[in-house]
Amino acid sequence: MVYAVLAGGVGAARFLRGLTRVVPADEVVAIVNVGDDLTRFGLRICPDLDSITYWLGGVVHPDQQWGRADETHVVADELARFGHDPWFTLGDRDLGVHLHRSARLAEGVPLSVVTDEVRRAFGVEVQLLPATDDPVETRVHTTDGRDLHFQEYWVRERGEPEVGSVTLSGASRATAGPGVVEALLDADAVIVAPSNPVVSVGTLLAVPGVLEAVHQTPAPVVGVSPIVGGAVVRGMAHRLLPAVGAEVSAAGVARHYGARAAGGILDGWVLDRRDEREVEEVRALGIGARSVDTMMDDPDVAAALARTCLDLAAELAADQEPT
């Protein structure tokens, strides 16, 4: 069996933690957003890949839910001594990963190979595939005329500027990473994690070959809403969804993704119980829907959510079989 997950950041990491309690971890393939990646102090940093690795490797900071547990910031403090702007702080343990990645990339090793080295070093059994090995950047174009790297917008500017549009720079020259298209086409189920629809899932789908594979896969595609009770669980989706003309609601995100039968990406959609009133609205879009507890603070809840996604996928697959 192969379970392919379109993944970006903490929401995806929490979901993957639950999924690996339901199915064997080595049957899970996470296709991970790399639009957030940046270079700082000459080091290549991959926030989504690292967050997922730290979560699944059991070393994530328990309070922040990103970065390393038991982290120190000696190097960051020394850089501040020299007057460097500390807007993007790197922890000392984290630096070890970035140093390894940057050295290997400088040797000409592809990001996908380096990512596999890193996940193995942390004992992660889930296969992690960067959406592309090519350099791409999520750019946020603000209504006051600025063109910001996503990390500048989110971390330095704290997500405060009004967003006009979001693009994935370099996408037209990129190709899907090794194994990405194959994982989607060979999957028994494809799951869209509860990640940011614009700057995680949207930028994943902007990599040539990825959206086409989602359209073509014979597997059912089931997504999990990142909106709970009409509000964003984490991050800044409420700032970005209006920029792509989407409503900040569980049904609004489902409408933004669209039914696969109508050219979108979804066959099924899992909403939180607090949004149960929107289930029929989602079904009216031609998308199968269920509502459960989607707040994954407890690993058991994450596992139950993953099981619901797989049950819905199996139900959808059965409905598609010829009688």
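Each residue is numbered by its place in its chain's sequence as written, counting from 1. Reporting of local features is limited, given that this is a predicted model, to residues whose pLDDT is at least 70; pairs of side-chain atoms are given and counted only at 80 or more, and all residues count toward the totals for whole chains, interfaces and linings. Derived side-chain values reflect all non-hydrogen atoms in the structure, with water molecules and hydrogen atoms excluded from consideration.

A. Local environment of the overall build of the chain. Runs of H or I in DSSP of at least four residues are treated as helices and runs of E of at least two as strands, each being numbered from the N terminus. Along the chain, the regular secondary structure elements total 13 helices and 14 strands. For the radius of gyration, the atom set is restricted to C-alpha positions; the globular benchmark scales as 2.2 Å times the number of residues to the power 0.38. Radius of gyration (C-alpha) of the chain: 19 Å, near the 20 Å computed for a compact globule of 323 residues. With respect to the three principal axes, the spread of C-alpha positions in the chain is 70 × 45 × 40 Å. Buried residues in the chain amount to 54% of all 323 residues. We call two residues in contact whenever any of their non-hydrogen atoms come within 4.5 Å of each other. When contacts within the chain are restricted to residue pairs at least 6 apart in sequence, long-range pairs at least 24 apart make up 68% of them. We call a residue buried when its accessible area falls under 20% of the maximum for its residue type, exposed when it is over 50%, and partly exposed in between, using a 1.4 Å probe and counting protein chains only.

B. Representation of unusual backbone geometry. Despite not being glycine, Phe41 has its phi angle at roughly 55°, a positive value. Here Phe41 shows up in the loop between strand 3 (38-40) and strand 4 (43-45). Of note, the phi angle at Gln65 is positive, near 70°, even though the residue is not glycine. Positionally, Gln65 belongs in the loop between helix 2 (47-56) and helix 3 (74-81).

C. Representation of helix 2 in the model. The buried fraction of helix 2 is high, at 9 of 10 residues. For helix 2, the set of buried residues is Pro47, Asp48, Leu49, Asp50, Ser51, Ile52, Thr53, Tyr54 and Trp55. Looking one or two residues past helix 2, Gly58 carries a phi angle of roughly 75°, positive in sign.

D. A look at empty space enclosed by the protein. Definitions used for this entry: grid spacing 1 Å over protein atoms alone; cavity, a set of points where a 1.4 Å probe fits but cannot get out; pocket, an open set with protein on both sides within 12 Å along at least 5 of 7 lines; lining residue, one with an atom within 4 Å of a point. Grid points are joined across faces, edges and corners, and a volume is the space filled by probe spheres set on the points. Scanning all chains against the criterion turns up 1 cavity of 30 Å³ or more. Estimates place the volume of the largest cavity at around 50 Å³. In terms of lining residues, the largest cavity is bounded by Leu49, Asp50, Thr53, Arg101, Val114, Thr115, Val118 and Arg119. Elements with a minimum of two residues in the lining of the largest cavity: helix 2 and helix 5 (111-121). When residues of the lining of the largest cavity are assigned to their parent elements, the largest contribution, 4 residues, is made by helix 5.

E. Molecular detail of the pairing of strand 9 (residues 189-192). Alternating positions in strand 9 separate into two faces, Ala189 and Ile191 on one and Val190 and Val192 on the other, with burial throughout. Bridge analysis of strand 1 (residues 3-7) against strand 9 gives 4 bridges, and the strand direction is parallel. When the bridges of strand 9 are listed, Tyr3 appears paired with Ala189. Whether two strands pair depends on DSSP finding at least two bridges between them. Relative to strand 10 (residues 221-224), strand 9 runs parallel, the two being bridged by 3 bridges. The partner of Val190 across the bridge, within strand 10, is Val221.

F. Expanded view of the layout of surface pockets. Here the second largest pocket defines a volume of roughly 150 Å³. Forming the walls of the second largest pocket are Val34, Asp37, Arg44, Cys46, Leu105, Pro110, Leu111, Thr132, Asp133, Asp134, Pro135 and Val136. Three categories are distinguished: nonpolar for Ala, Val, Leu, Ile, Met, Phe, Trp, Tyr, Cys and Pro, charged for Asp, Glu, Lys and Arg, and polar for the others, with Gly belonging to the last. Classifying every residue of the lining of the second largest pocket by side-chain character gives 7 nonpolar, 1 polar and 4 charged.

G. Broad picture of the environment of Ala318. Mapped onto the elements of the fold, Ala318 is located in helix 13 (residues 299-320). Along the primary structure Ala318 and Pro220 are separated by 98 residues, whereas in three dimensions their C-alpha atoms are 9.8 Å apart.

H. Fine view of the packing of helix 1 (residues 9-19) against helix 13. In contact at an axis separation of 7 Å, helix 1 and helix 13 are set at 80° when each is read in the N-to-C sense. Relative to helix 13, the element helix 1 is oriented roughly perpendicular. On the side of helix 1, the interface is formed by Arg14, Phe15, Arg17, Gly18 and Leu19, while helix 13 contributes Pro299, Ala302, Ala303, Leu305, Ala306, Cys309 and Leu310. A breakdown of the residues in the contact of helix 1 with helix 13 according to their chemical character gives 9 nonpolar, 1 polar and 2 charged. Convention adopted: a line fitted to C-alpha atoms gives each axis, helices being fitted over their contacting stretch, and angles between N-to-C directions are expressed from 0 to 180 degrees. Note on angle classes: values under 35 degrees are labelled roughly parallel, values over 145 roughly antiparallel, values of 65 to 115 roughly perpendicular, and the remainder oblique.

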